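# Descriptive analysis of the structure
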Amino acid sequence: MANNHNSANPKVDLAYRRKKNAEDMKHQVVTFGMMIFLTIVAFIAVGYDGIGEWFKIPFIITLAVIQVIFQLYYFMHMSHKGHETPALFLFSGVGVAALTVLTFVTIIWW
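What you are looking at is a predicted structure, and each value in this text was computed from that prediction instead of being measured.

Definitions and cut-offs
Residues numbered from 1 in each chain as written. Predicted model: local features only at pLDDT ≥ 70, side-chain atom pairs only at ≥ 80, totals over all residues. Heavy atoms only, no water. Helix = DSSP H or I, 4+ residues; strand = E, 2+ residues; numbered from the N terminus. Buried < 20%, exposed > 50% of the residue type's maximum accessible area, 1.4 Å probe, protein only. Contact = heavy atoms within 4.5 Å. Areas by Shrake-Rupley, 256 points an atom, 1.4 Å probe, with all protein chains shown as cover. Core = buried A, V, L, I, M, F, W, Y, C linked by side-chain atoms within 4.5 Å. Patch = residues over 30% accessible without salt bridge, like charges linked within 9 Å, V, L, I, M, F, W, Y side chains within 5 Å. Salt bridge = Lys/Arg side-chain N within 4 Å of Asp/Glu carboxyl O. UniProt positions renumbered as here; feature names shortened; annotations may be inferred. Expected span 1.5 Å × (residues − 1). Phe/Tyr/Trp six-rings, centres within 6.5 Å; stacked < 30°, edge-to-face > 60°. pLDDT = per-residue confidence, 0-100.

Attention now moves to the overall build of the protein. Across its full length, the protein carries 3 helices and 0 strands. Taken from N to C terminus, the helices and strands of the protein fall in the order α-α-α. Among the 110 residues that make up the protein, the fraction classed as buried is 14%. At a minimum sequence separation of 6, the contacts of the protein that also span at least 24 residues come to 42%. Summing over all exposed atoms, the protein offers an accessible surface of approximately 8,900 Å²; the carbon and sulfur share of this is 72%.

The following block contains the structure:
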């Protein structure tokens with residue numbers, strides 16, 4: 001069956017939309033589960049006394065960055081077609097912010 005997204009037959013469009021929505025929902029549920037898992041791991045890392053503070057803080061920040069990426073990519077629909085330009089500006093801003101933080105951290109520490 002051809003991939004007719006804009007055909008004259010509304011049943012083809014409806015079937016395509018249902019399939020696409022089911023895939024999107026599956027991705028969102030899996031991503032939500034992964035975010036809950038990462039949150040539980042962060043709470044365990046904070047509560048466990050056997051892990052040093054020098055490991056906990058970067059580890060939790062890394063988990064937070066992963067969750068932000070999941071949030072933007074799946075829940076804000078950045079994975080969909082046509083969202084390339086907003087994604088470019090968003091990730092460019094994240095890059096500039098990271099570079100700014102790195103700059104100030106290195107200025108203060110060295």
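Continuing now.
All right, on to the side chain of Gln67 then. Structurally, Gln67 is set in helix H2 (residues 53-75). Taking relative accessible area as the criterion, Gln67 reaches 18% and is therefore assigned buried. Among residues more than four places away in sequence, those in contact with Gln67 are Met35, Leu38 and Thr39.

This brings us to the nonpolar core. Inside soluble globular proteins, nonpolar side chains tend to come together where they are buried. The biggest cluster of nonpolar side chains holds 5 residues, and these are Met35, Leu38, Ala42, Leu63 and Phe70. Of all elements in the fold, only helix H1 (10-47) and H2 reach the threshold of two or more residues within this core. The element best represented in this core is H1, accounting for 3 residues. If we ignore the near neighbours within four places in the chain, the residues touching Ala42 are Ile60 and Leu63.

Side chains of Val101, Phe104, Val105, Ile107, Ile108 and Trp109 sit close together on the surface and give an oily, nonpolar patch of about 690 Å² of accessible area. By the secondary structure assignment, Val101 is in helix H3 (residues 84-109).

Here, the residues flagged by UniProt with the feature "transmembrane region" (unreviewed entry) are residues 29-48, 54-75 and 87-109. Spanning residues 29-48, this segment combines 95% helix with 0% strand, and its end C-alpha atoms are found 29 Å apart. Helix makes up 100% of residues 54-75 and strand 0%, whereas the separation of the span's terminal C-alpha atoms amounts to 32 Å.

Taking 1.5 Å of rise per residue, 23 residues should cover 33 Å, and H2 covers 32 Å from first to last C-alpha, within 8% of that figure. In the segment just after H2, His77 is the residue with positive phi, at about 60°.

To continue, consider the packing of aromatic side chains. Describing an aromatic ring pair means giving the distance of the ring centres and the angle of the ring planes. Tallied over the entire structure, the rule returns 1 aromatic pair. For the ring pair Phe55 and Phe59, a centre distance of 5.2 Å and an interplane angle of 20° mean the geometry is stacked. Of this pair, Phe55 and Phe59 both sit in helix H2, 4 residues apart, which is roughly one turn of the helix.

All right, on to the confidence of the model for the protein then. When pLDDT is averaged along the protein, the result is 83, and 88% of the positions lie at 70 or above. Per-residue pLDDT, averaged within each element of the protein, yields its smallest value for H1 (86) and its largest for H3 (88).

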